[in-house]
Amino acid sequence: MHKRYHTLNEHLREVFGEKVIKVSLDAGLSCPNRDGTLGSGGCIFCSEMGSGDFAGQRGLSIKEQFDQVRARTVKKWPRAKYIAYFQSFSATYGPVDYLEKIYREALAVEHVVGISVSTRPDCLNEGILNVLEKLNRETYLWVELGLQSAHDQTLAWMNRGHDFRCFLEGVQKLKQRNIRVCAHMIMGIPIETREDMLQTALTLAKLPIQGVKIHSLHVLRGTKLAELYVQGGLKLLSMDEYIRLVTDILEILPPEMIVHRLMGDGPLNDVIAPEWTRRKWEVLNGIDQEMERRNSQQGINCIP
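Residues numbered from 1 in each chain as written. Predicted model: local features only at pLDDT ≥ 70, side-chain atom pairs only at ≥ 80, totals over all residues. Heavy atoms only, no water.

S.K.: Looking at this structure, how should I read the overall build of the protein?
M.R.: Counting its regular elements, the protein contains 10 helices and 9 strands. Relative to the compact-globule value of 19 Å for 304 residues, the protein shows a C-alpha radius of gyration of 18 Å, a close match. Projected onto the principal axes, the alpha-carbon positions of the protein cover approximately 45 × 45 × 40 Å. A separation threshold of at least 6 residues defines the contact pool for the protein, and within that pool the share at least 24 residues apart is 81%. Surface summary for the protein: the accessible area is close to 13,800 Å², and the carbon and sulfur share equals 49%. The distance from the centre of the 38 positive side-chain charges to the centre of the 37 negative ones in the protein is 3 Å. (Helix = DSSP H or I, 4+ residues; strand = E, 2+ residues; numbered from the N terminus. Rg over C-alpha atoms; globule rule 2.2 N^0.38 Å. Contact = heavy atoms within 4.5 Å. Areas by Shrake-Rupley, 256 points an atom, 1.4 Å probe, with all protein chains shown as cover. Lys, Arg positive; Asp, Glu negative; His and termini not counted. Charge placed at Lys NZ, Arg CZ, Asp CG, Glu CD.)

Put into structure tokens, the structure is as follows:
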């Protein structure tokens with residue numbers, strides 16, 4: 001079914017002419033917010049797997065991980081192509097030679113047509129930028145940059161370890177090398193108002209980025225956020241609030257911006273709250289229905 005917003009699935013079909021699936025991999029790396037460089041606790045919402053809960057098994061080779069994850073989809077899409085997605089932790093945070101080696105290992109796997117690298121804006125040194133620039137000339141590449149919020153007060157509360165200016169600098173470095181950027185934002189942060197969340201979306205809509213991932217805040221077992229939730233006092237969005245908010249965001253994003261995701265999800269056994277985040281397809285269908293009810297589409301309220 002054709003969506004009223006510009007989906008990654010639709011974009012990849014336009015580029016490659018067939019179904020393309022992202023395969024999540026673990027590069028065996030860490031994060032400056034975990035290894036003591038900036039801090040040791042990590043972001044308040046981040047799981048022990050560094051947000052790579054559905055990635056391949058750490059310790060296996062890139063090819064072994066790829067085969068492991070591909071096995072989950074091959075029956076449904078036996079002739080699909082693949083994007084190798086380095087999802088866990090900060091996938092540009094390591095020795096440059098090692099990073100280039102594992103990226104190329106992934107690209108060498110049969111039926112892999114591109115690569116996506118998820119990282120933090122403060123993990124883009126000159127060496128890794130040169131590697132990414134080189135790969136961008138050779139293959140189809142995305143760099144996914146975690147922002148979560150455009151508000152420094154929120155970033156501090158989440159223990160991100162960087163501010164909004166750092167994100168802007170990261171975007172600029174990648175823009176100078178003509179590399180596609182997908183920004184991540186989280187909706188439903190308890191200390192933010194609805195207006196704060198929309199302001200983050202409005203801010204991203206004006207930046208030279210090509211894609212966006214919208215995540216629903218969910219509380220995972222074993223995180224700092226879970227400790228706060230158990231203590232009480234955290235106000236989380238209802239499913240209806242989230243559906244209306246995401247629809248509002250889609251309306252203000254540029255129509256050409258590629259929507260990589262509309263909600264985050266975690267392992268069902270580890271999700272503490274909100275309970276509705278366990279029902280991903282119900283939420284996604286609700287967004288489709290809300291856009292239909294409004295007779296709306298992505299970019300209808302975009303400010304050039």
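From this point, the narrative continues.
S.K.: Explain the sheet that holds strand 2 (residues 81–86) here, please?
M.R.: Across a sheet, paired strands are connected by hydrogen bonds in the backbone, their directions being either parallel or antiparallel. With respect to topology, 7 strands assemble into an open sheet ordered 1-2-3-4-5-6-8, the strand pairing being parallel. Sheet topology places strand 1 (20–25) and strand 8 (258–261) at the edges, where each strand pairs with a single neighbour. Taking the axes of each pair of neighbouring strands and ignoring which way they run, one obtains an average angle of 25° across the sheet. Here 5 bridges tie strand 2 to strand 3 (residues 112–119), and the two strands are oriented parallel to one another. From the neighbouring strand, Phe86 faces strand 3, where its bridge partner is Val117. (Pairing = 2+ DSSP bridges. Axes fitted to C-alpha atoms, helices over the stretch in contact; angles between N-to-C directions.)

S.K.: Any chance you could explain the pairing of strand 1 here in plain terms?
M.R.: Here is the key point about a regular strand: its side chains alternate between the two faces of the sheet. With 5 of 6 residues buried, strand 1 is to be regarded as a mostly interior element. Sheet topology note: the strand 1/strand 2 ladder contains 6 bridges and is parallel. Counted as the bridge partner of Val23 is Ala84 from strand 2. (Buried < 20%, exposed > 50% of the residue type's maximum accessible area, 1.4 Å probe, protein only.)

S.K.: When you look at helix 6 (residues 164–176) in this model, what are you seeing that I'm missing?
M.R.: Given 3.6 residues to a turn, an α-helix orients residues that are three or four positions apart in the same direction. Between its terminal C-alpha atoms helix 6 stretches 19 Å, which fits the 18 Å expected from 13 residues at 1.5 Å a residue. Turning to helix 6, its buried residues number three or more, namely Phe164, Cys166, Phe167, Gly170, Val171 and Leu174. What you see down the axis of helix 6 is that its buried residues fit within an arc of 155°, all on one side. Exposed side chains of helix 6 directed beyond 90 degrees from the buried face belong to Arg165 and Gln176. The inward-facing, buried residues of helix 6 contact helix 4 (126–138), strand 4 (140–148), helix 5 (152–157), strand 5 (180–187) and helix 7 (194–205). Residue Asn178 follows helix 6 closely and has a positive phi angle near 60°. (Expected span 1.5 Å × (residues − 1). Arc of directions from axis to C-beta.)

S.K.: Could you clarify how one ought to interpret the pattern of salt bridges in this entry?
M.R.: Evaluation of the coordinates by the stated rule reveals 22 salt bridges. Between Glu126 and Arg177 there is a salt bridge, and its shortest N-O distance comes to 2.8 Å. Pair noted here: Glu126 is in helix 4 and Arg177 is in the loop between helix 6 and strand 5, with a separation of 51 residues, a long-range link. For Arg177, a relative accessible area of 12% corresponds to the buried category. Arg294 is the salt-bridge partner of Glu251, the closest N and O atoms lying 3.2 Å from each other. In this pair, Glu251 sits in helix 9 (residues 239–252) while Arg294 sits in helix 10 (residues 280–294), placing the two residues 43 residues apart along the sequence. By relative accessible area, which is 8% here, Glu251 ends up buried. Taken together, the shared-partner salt bridges connect Arg194, Asp248, Glu251, Glu290, Arg293 and Arg294 into one network. (Salt bridge = Lys/Arg side-chain N within 4 Å of Asp/Glu carboxyl O.)

S.K.: So what exactly am I meant to see when it comes to the environment of Ser116 here?
M.R.: For Ser116, the location among the structural elements is in strand 3. For Ser116, a relative accessible area of 1% puts it in the buried group. Along the backbone, Ser116 and Ala84 are 32 residues apart, and their C-alpha atoms lie at a distance of 6.1 Å. Those residues within four positions of Ser116 in sequence are excluded, and the remaining contacts are Lys22, Ile83, Ala84, Tyr85, Phe86, Trp142 and Glu144. Engagement of the side chain of Ser116 in a polar contact is seen with the side chain of Glu144, the distance being 2.9 Å. (Polar contact = N/O pair within 3.5 Å; in protein donor to acceptor, adjacent residues only side chain to side chain.)

S.K.: Is there a simple way to explain the packing of helix 9 against helix 10 in this structure?
M.R.: When two helices pack together, their arrangement is captured by the angle between the axes and the distance separating the axes. Close contact between helix 9 and helix 10 brings their axes to 9 Å; oriented N to C, the two are set at 55°. With respect to their mutual orientation, helix 9 and helix 10 come out oblique. Handedness of the crossing formed by helix 9 with helix 10: right-handed. The segment helix 9 lies against helix 10, with Met239, Tyr242, Ile243, Arg244, Val246, Thr247, Asp248, Leu250 and Glu251 engaging Glu282, Val283, Gly286, Ile287, Glu290, Met291 and Arg294. (Parallel < 35°, antiparallel > 145°, perpendicular 65-115°, else oblique. Left-handed = near helix turned anticlockwise from the far one by under 90°.)

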